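Now for the letters of each chain:
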Amino acid sequence: MLSEATKLSLTLRDFDESKVGLCAGCGCSCGYIAYFKKGRLVDIYGDPSEPRGMGSLCTKGLTYIHQIPQNPLRLKGIFLRKEEFEEVDYKTAINIIKDKLSKGKTAFLLGRQSGLEDYLTALQLGEVFVDAPVIDFLPSTIPFTWWNQAKLILSVDAEPVFSEVMSARFLIDAIEKGAYLVCLSSRYETLCAKANKRLLLKPDRMLAFLRGVVSPEKGDELTEFIKRSFFLIKGSLVLVGSHLFNSPFRSELTYLLSELKRKFHINYSIVGDVMPFRAKELKDFFERIEDFENIVVVGNVLRYLGRRELEALKSKFVISFELFPNLTANNSDLVFGLKNFSEREFINYRHGFGFLTYSPQVILPEDGFYTLSEVFSDAFRVENKTEEFLRDYGVELNELKSSKNGIMLRMKSIEESAFEVEEYAKEGLYVHTAPSLVEELGHWNPWTHEIEQRQRAYINPKTAREHHLRDKVEINGVEFELVESVNVAEGVIYISSEYEEFQPFNPGVSVGMFLKTPYYRYETLT
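Residues numbered from 1 in each chain as written. Predicted model: local features only at pLDDT ≥ 70, side-chain atom pairs only at ≥ 80, totals over all residues. Heavy atoms only, no water.

**Student:** Where do I start with the pattern of salt bridges in this structure?
**Tutor:** Pairs can form between side chains of opposite charge whenever their charged atoms are close. In the structure shown here, the tally under the stated rule is 32 salt bridges. For R211, the salt bridge identified is with E252, shortest N-O distance 2.7 Å. Of this pair, R211 sits in helix 6 (residues 203-214) while E252 sits in helix 8 (residues 250-264), placing them 41 residues apart in sequence. Residue classification places E252 among the buried residues on the basis of a relative accessible area of 8%. (Salt bridge = Lys/Arg side-chain N within 4 Å of Asp/Glu carboxyl O. Helix = DSSP H or I, 4+ residues; strand = E, 2+ residues; numbered from the N terminus. Buried < 20%, exposed > 50% of the residue type's maximum accessible area, 1.4 Å probe, protein only.)

**Student:** Any chance you could explain the pairing of strand 11 (residues 237-241) here in plain terms?
**Tutor:** Working note: regular strand, side chains alternate between the two faces of the sheet. For strand 11, a buried count of five out of five residues is recorded, marking the element as mostly surrounded by other parts of the structure. Neither face of strand 11 is open: one carries L237, L239 and G241, the other V238 and V240, and all of them are buried. When strand 8 (residues 152-156) meets strand 11, the two strands line up parallel, connected through four bridges. By the bridge assignment for strand 11, I153 is matched with L237. (Pairing = 2+ DSSP bridges.)

**Student:** How do you make sense of the packing of helix 3 (residues 116-125) against helix 12 (residues 372-379) when you look at a structure like this?
**Tutor:** Two packed helices can be described by the angle between their axes and the distance between those axes. For the pair helix 3 and helix 12, interaxial distance at closest approach is 8 Å and the crossing angle is 40°. Two packed elements cross with a definite hand, and for helix 3 against helix 12 that hand is left-handed. In this structure, helix 3 uses E117, D118, T121, A122 and L125 to contact helix 12, whose residues at the interface are L372, S373, F376 and S377. Split into classes, the residues belonging to the contact of helix 3 with helix 12 amount to four nonpolar, three polar and two charged. (Axes fitted to C-alpha atoms, helices over the stretch in contact; angles between N-to-C directions. Left-handed = near helix turned anticlockwise from the far one by under 90°. Contact = heavy atoms within 4.5 Å. Nonpolar A, V, L, I, M, F, W, Y, C, P; charged D, E, K, R; others polar.)

**Student:** What's the story with the sheet that holds strand 11 in this structure? I'm lost.
**Tutor:** Within a sheet, each strand pairs with its neighbour through backbone hydrogen bonds, oriented either parallel or antiparallel. Taken in spatial order, the five strands of this open sheet run 10-9-8-11-12, and their pairing is parallel. Two strands lie at the open edges of the sheet, namely strand 10 (197-200) and strand 12 (267-271), each paired on one side alone. On average, adjacent strands in this sheet sit at an angle of 10° to one another, irrespective of strand direction. Judged from the five bridges that link them, strand 8 and strand 9 (residues 180-185) form a sheet pairing that is parallel. Along strand 9, the bridge assignment pairs L152 with Y180.

**Student:** Would you explain the environment of C192 in this entry?
**Tutor:** Along the chain, C192 turns up in the loop between strand 9 and strand 10. When its relative accessible area of 2% is taken as the criterion, C192 is described as buried. On a C-alpha basis, the gap between C192 and D157 in space is 10.0 Å, while along the polypeptide they are 35 residues apart. The contact partners of C192, leaving out residues within four places of it in the chain, are C183, S185, R187 and R198.

**Student:** I keep staring at the sheet that holds strand 6 (residues 106-110) and nothing clicks. Help me out?
**Tutor:** As summarised here, the arrangement of the eight strands in space is 5-4-16-15-14-6-7-13, forming an open sheet in which the pairing is mixed. The open sheet has two edge strands, strand 5 (85-87) and strand 13 (280-281), and neither has a second partner. Taken together, the three bridges between strand 4 (residues 78-81) and strand 5 define a ladder with antiparallel strand orientation. Residue L80 lies in a different strand from strand 5, and its bridge partner there is E86. Sitting on the sheet, helix 2 (residues 90-101) touches strand 4, strand 6, strand 14 (294-298), strand 15 (317-322) and strand 16 (334-337), and the angle it makes with strand 16 is about 130°.

As structure tokens, then:
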């Protein structure tokens, strides 16, 4: 499917081979062309023939594909903790895994860097937990490449520029064609700059606004405008930030989104990291950590754990697959250098767009890099169930491999989802932790870390005065430099979730160290 793109010579650098793949740095799955000289990656460009990136790659994609393989900080090899970490060979590591997993229960904690085969392998060997909201309904009703057809767009705490960068161009296309954009958000995000109407609101006030839209009772002027517009303009679009599903507001938000779909036939898309397949969330792991003797981690998931949970890990055997010597690696007993998505066949599934894409292996890694599925298939007889699993969601593997557009998942609609609306704190000062422009991996690369060097707390000046806060704020025993900004909603303190203690440049504090509920992206301060 990609042979035509490889004929394009977009680089001025000397090369003798080119390969095409799809980036899995976020849910957009933009196409790229990689250029090699004597097997060494010398340049990458966006693939102009791919319909989502359309020839562009964002800073995140460039960093993950081009910089990670060359990064001198990258983990390579297998390391066993004794008094210190010592490098061990593959056979020794396999024997250790066989011995440890034969005793007691195993929990698998999977981050976005895990491939679909890792997930399916883990399902056969233990219980799977993910650091994302698990959604049991179709997370998007339309591909993001159709966003440019919308005439009315309501964005609810969604920021595609921070999570799925290249999808934002389709919103800009819609706005340039005359679409009316209304933004509700707890911080002034990039999308707000293009909005016709923007409201900075605490999360409980955002949900109150949505309740007004679905209510038959008359509301304020903007609420009634949205109601009329949804009724008159078929196919209006609602964007929802995935972190709202990773919060105490999840059940009511699901109810309200289903009501908007039922009453007004809107289209919607969840923006950000979402798990569309069967798994448990970190909240469940926090409650059941004592049930497991072994913990297997892909990606830096342990940065969400609090002091109690990290202390509990000392009596467990922790195996992790990591790109860098991060907090998770430093709290593990056996550490494998991880293959990046570009260094293996990869099916991109961890996002809210509701489709899958497949990328072949583009970069041939050196020895010393591994995947969970490869290692555990060698240690145990694990059946490859990828084709069977995908078929249950209406996806044929061969068709997926030959498709540039990706294939939408066959899942139940949100109106069919069963849930009970739970109570949550309606008032209070909220701490909001979510990614900003630089994700956690970006802080391991100098040129992306420079974009956002230090972890700070941001607060609205009015809120700072009301709570007598100035210069610094202490949250559950951790002190942060406090920056006043009118770009944060009243009643909210925003702190980036993408820092942790083992990062090489200006390390910060992991959310597990200052939140009581670090598995949520909103927490009420008492």
